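Descriptive structure summary
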Amino acid sequence: MKLPSAIKYLLVFFLLAGMGCEEAILDPTFTIGKEATFRINQLYTSSDGQYTFQINEIGDSRCPLDAQCDWQGEVTLKGEWTANNNNSAVELHTVLKNMDKQPDGFTIQIVDAKPYPKVGTESKHEDLVVTLLLNKIP
């Protein structure tokens, strides 16, 4: 079956328009031992279905690009980890690691947070995508 040229061009247009959208759809699952991306106020489930994780608060005090700061700042987050129907509070810091609260038997590390702050640009916590590495302690 042949498609008229106009329909082909429309299909290509919609495909390219969809690829140009800024909003990235993140996978609602994560795998223990691998990096995964997370957003605030979304529930994520481990690939084996045994654990869930949700970020409830994000703080981003990193020094913006092209700014001069006395302190480099950091990304912090607070969330909730569920394992075997037991919830535990999680608090993570990129710099002040001694303030971290980890779930029993696991470590969670902030690997990255995007976008990086820029001078003169206001960012919302909902726009932040945080990359985490979740590991089980042997």
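Let us look at the structure shown here. Please read these numbers as outputs of a predicted model, since none were measured by experiment. (Residues numbered from 1 in each chain as written. Predicted model: local features only at pLDDT ≥ 70, side-chain atom pairs only at ≥ 80, totals over all residues. Heavy atoms only, no water.)

Once that is clear, we can look at the state of the cysteines. Taken as a whole and assessed by the stated rule, the structure comprises one disulfide. Through a disulfide, cysteine 63 is tied to cysteine 69; the S-S separation comes to 2.0 Å. Its S-S torsion of about 80° marks the bond between cysteine 63 and cysteine 69 as right-handed, since a negative value means left-handed. Owing to a relative accessible area of 14%, cysteine 63 belongs among the buried residues under this scheme. (Disulfide = S-S within 2.5 Å. Buried < 20%, exposed > 50% of the residue type's maximum accessible area, 1.4 Å probe, protein only.)

Here lysine 114 and proline 115 are connected by a cis peptide whose omega angle stands at 5°. Of note, the phi angle at aspartate 66 is positive, near 65°, even though the residue is not glycine. The exposed category is assigned to aspartate 66, whose relative accessible area is 81%. Phi angles above zero are rare outside glycine, and asparagine 84 is one such case at about 55°. Along the chain, asparagine 84 falls in the loop between strand S5 (75-83) and strand S6 (86-93). Residue class for asparagine 84 comes out exposed when judged on its relative accessible area of 64%. (Helix = DSSP H or I, 4+ residues; strand = E, 2+ residues; numbered from the N terminus.)

With antiparallel pairing, the three strands of this open sheet are ordered in space as S2-S8-S7. Taken across any chain shown, the strands that pair with only one partner, and hence form the sheet edges, are strand S2 (35-38) and strand S7 (106-114). Strand-to-strand twist across the sheet, computed as the mean angle between neighbouring axes with direction ignored, equals 30°. (Pairing = 2+ DSSP bridges. Axes fitted to C-alpha atoms, helices over the stretch in contact; angles between N-to-C directions.)

Another point: the nonpolar core. Counting residues in each nonpolar core, the largest one holds 23 residues, and the members touching the most others are Phe30, Phe38, Phe53, Leu77, Trp81 and Leu132. For this core, the elements supplying multiple residues, two or more each, are S2, strand S4 (51-60), S5, S6, S7 and strand S8 (129-136). (Core = buried A, V, L, I, M, F, W, Y, C linked by side-chain atoms within 4.5 Å.)

Before going further, it helps to examine the sheet that holds S4. Strands sit in the order S1-S3-S4-S5-S6 across an open sheet of five strands; the sheet is mixed. Here the strands that pair on one side only, and so sit at the sheet edges, are strand S1 (29-30) and S6. Sheet topology note: the S1/strand S3 (residues 43-46) ladder contains two bridges and is parallel. Within the sheet, the bridge partner assigned to phenylalanine 30 lies in S3 and is serine 46.

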